[in-house]
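The chain contents come next:
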Amino acid sequence: MSLLVIVVQVRVKPDSLEAFQRITLENARATLEEPGALRFDVVQDLEDPTRFVFFEAYRTPEAHAAHKTTAHYLRWRDTV
(Lines give C-alpha, C1' and ligand atoms only; values in the text may rest on other atoms or scores of the structure.)
Protein backbone atom coordinates (compact mmCIF):
# COMPACT_ATOMS: atom_id res chain seq x y z
CA MET A 1 0.00 0.00 0.00
CA SER A 2 1.20 3.48 -0.86
CA LEU A 3 0.81 6.32 1.62
CA LEU A 4 1.77 9.99 1.52
CA VAL A 5 1.90 11.88 4.81
CA ILE A 6 2.36 15.65 4.89
CA VAL A 7 3.00 17.85 7.93
CA VAL A 8 2.46 21.58 7.48
CA GLN A 9 3.31 24.28 10.04
CA VAL A 10 1.56 27.63 9.77
CA ARG A 11 1.72 30.89 11.72
CA VAL A 12 -1.26 33.21 11.43
CA LYS A 13 -1.48 36.92 12.06
CA PRO A 14 -3.54 37.45 15.23
CA ASP A 15 -6.07 39.68 13.46
CA SER A 16 -6.70 36.93 10.87
CA LEU A 17 -7.07 34.07 13.35
CA GLU A 18 -10.85 33.65 13.26
CA ALA A 19 -11.09 33.76 9.47
CA PHE A 20 -8.14 31.36 9.15
CA GLN A 21 -9.73 28.86 11.51
CA ARG A 22 -13.05 28.99 9.67
CA ILE A 23 -11.66 28.48 6.14
CA THR A 24 -9.12 25.87 7.32
CA LEU A 25 -11.70 23.72 9.07
CA GLU A 26 -13.96 24.00 6.01
CA ASN A 27 -11.09 22.78 3.83
CA ALA A 28 -10.19 19.94 6.22
CA ARG A 29 -13.78 18.65 6.40
CA ALA A 30 -14.20 18.75 2.63
CA THR A 31 -10.83 17.05 2.11
CA LEU A 32 -11.98 14.08 4.18
CA GLU A 33 -14.75 13.54 1.60
CA GLU A 34 -12.16 13.00 -1.14
CA PRO A 35 -11.69 9.32 -2.07
CA GLY A 36 -7.89 9.44 -1.71
CA ALA A 37 -7.76 11.32 1.58
CA LEU A 38 -7.25 9.35 4.80
CA ARG A 39 -6.67 12.10 7.41
CA PHE A 40 -6.62 15.84 7.73
CA ASP A 41 -5.99 16.96 11.29
CA VAL A 42 -5.73 20.62 12.24
CA VAL A 43 -3.95 21.22 15.54
CA GLN A 44 -3.73 24.63 17.21
CA ASP A 45 -0.95 25.27 19.72
CA LEU A 46 -2.42 25.98 23.16
CA GLU A 47 0.50 28.17 24.23
CA ASP A 48 0.69 30.08 20.92
CA PRO A 49 -2.76 30.17 19.32
CA THR A 50 -1.32 31.68 16.13
CA ARG A 51 0.60 28.47 15.42
CA PHE A 52 -1.08 25.55 13.64
CA VAL A 53 0.09 22.16 12.43
CA PHE A 54 -1.74 20.15 9.77
CA PHE A 55 -1.31 16.39 9.53
CA GLU A 56 -2.51 15.14 6.15
CA ALA A 57 -2.48 11.57 4.83
CA TYR A 58 -3.36 10.47 1.31
CA ARG A 59 -3.52 7.02 -0.26
CA THR A 60 -1.15 8.05 -3.06
CA PRO A 61 0.80 11.07 -4.28
CA GLU A 62 -1.79 11.32 -7.07
CA ALA A 63 -4.57 11.68 -4.48
CA HIS A 64 -2.71 14.62 -2.96
CA ALA A 65 -2.25 16.16 -6.41
CA ALA A 66 -5.98 15.77 -7.03
CA HIS A 67 -6.69 17.45 -3.68
CA LYS A 68 -4.85 20.54 -4.87
CA THR A 69 -7.29 20.91 -7.79
CA THR A 70 -10.49 20.84 -5.68
CA ALA A 71 -12.67 23.91 -5.27
CA HIS A 72 -12.37 23.81 -1.47
CA TYR A 73 -8.55 23.69 -1.57
CA LEU A 74 -8.36 26.49 -4.14
CA ARG A 75 -10.72 28.61 -2.00
CA TRP A 76 -8.51 27.95 1.05
CA ARG A 77 -5.32 28.75 -0.89
CA ASP A 78 -6.72 31.97 -2.31
CA THR A 79 -8.06 33.07 1.09
CA VAL A 80 -4.98 32.41 3.19
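Refer to the preceding data block for the structure.
Presented here is a report on the structure given in the accompanying data block. All values reported here derive from a predicted model rather than from experimental measurement.

Let's shift gears to the environment of Val12. Assignment of secondary structure puts Val12 in the loop between strand 1 (4-11) and helix 1 (17-31). On the accessibility criterion, Val12 (9% relative accessible area) is buried. Spatially, the C-alpha atom of Val12 lies 14 Å from that of Glu47, the residues being 35 residues apart in sequence. Setting aside residues up to four positions removed in sequence, Val12 forms contacts with Leu17, Phe20, Thr50 and Phe52.

A separate point is the nonpolar core. Soluble, globular proteins show a tendency: their nonpolar side chains are buried together. The biggest cluster of nonpolar side chains holds 15 residues, and the ones touching the most others in it are Val10, Val12, Phe20, Phe52, Phe54, Tyr58 and Trp76. For this core, the elements supplying multiple residues, two or more each, are strand 1, helix 1, strand 2 (37-44), strand 3 (51-58) and helix 3 (71-79). Residue contributions to this core peak at four residues, all from helix 1.

A few words on a nonpolar patch on the surface. On the surface, Leu3, Val5, Val7, Leu38, Val43 and Phe55 cluster together into a nonpolar patch covering about 490 Å² of accessible area. Of all elements in the fold, only strand 1 and strand 2 reach the threshold of two or more residues within the nonpolar patch. Within the secondary structure, Phe55 sits in strand 3.

On to the packing of aromatic side chains, then. Using the criterion set out here, one finds five aromatic pairs in the structure. Between Phe20 and Phe54 the ring centres are 6.3 Å apart and the planes differ by 15°, which places this aromatic pair in the stacked class. Of the two residues, Phe20 sits in helix 1 while Phe54 sits in strand 3, which places them 34 residues apart along the sequence. Of the two residues examined, Phe20 and Phe54, each falls in the buried class. Here the aromatic residues Phe20, Phe40, Phe52, Phe54, Tyr73 and Trp76 are joined through ring pairs into a cluster of three or more.

The next point concerns helix 3. Inspection of helix 3 places His72, Tyr73 and Trp76 among the buried residues, and these make up the whole buried set. Burial along helix 3 is one-sided: seen end-on, the buried residues are contained in an arc of 100°. Away from its buried face by more than 90 degrees, helix 3 exposes Ala71 and Asp78. As for helix 3, its buried residues are in contact with helix 1, strand 3 and helix 2 (61-67).

Each value, and the rule that gives it
- Residues numbered from 1 in each chain as written.
- Predicted model: local features only at pLDDT ≥ 70, side-chain atom pairs only at ≥ 80, totals over all residues.
- Heavy atoms only, no water.
- Helix = DSSP H or I, 4+ residues; strand = E, 2+ residues; numbered from the N terminus.
- Buried < 20%, exposed > 50% of the residue type's maximum accessible area, 1.4 Å probe, protein only.
- Contact = heavy atoms within 4.5 Å.
- Core = buried A, V, L, I, M, F, W, Y, C linked by side-chain atoms within 4.5 Å.
- Patch = residues over 30% accessible without salt bridge, like charges linked within 9 Å, V, L, I, M, F, W, Y side chains within 5 Å.
- Areas by Shrake-Rupley, 256 points an atom, 1.4 Å probe, with all protein chains shown as cover.
- Salt bridge = Lys/Arg side-chain N within 4 Å of Asp/Glu carboxyl O.
- Phe/Tyr/Trp six-rings, centres within 6.5 Å; stacked < 30°, edge-to-face > 60°.
- Arc of directions from axis to C-beta.

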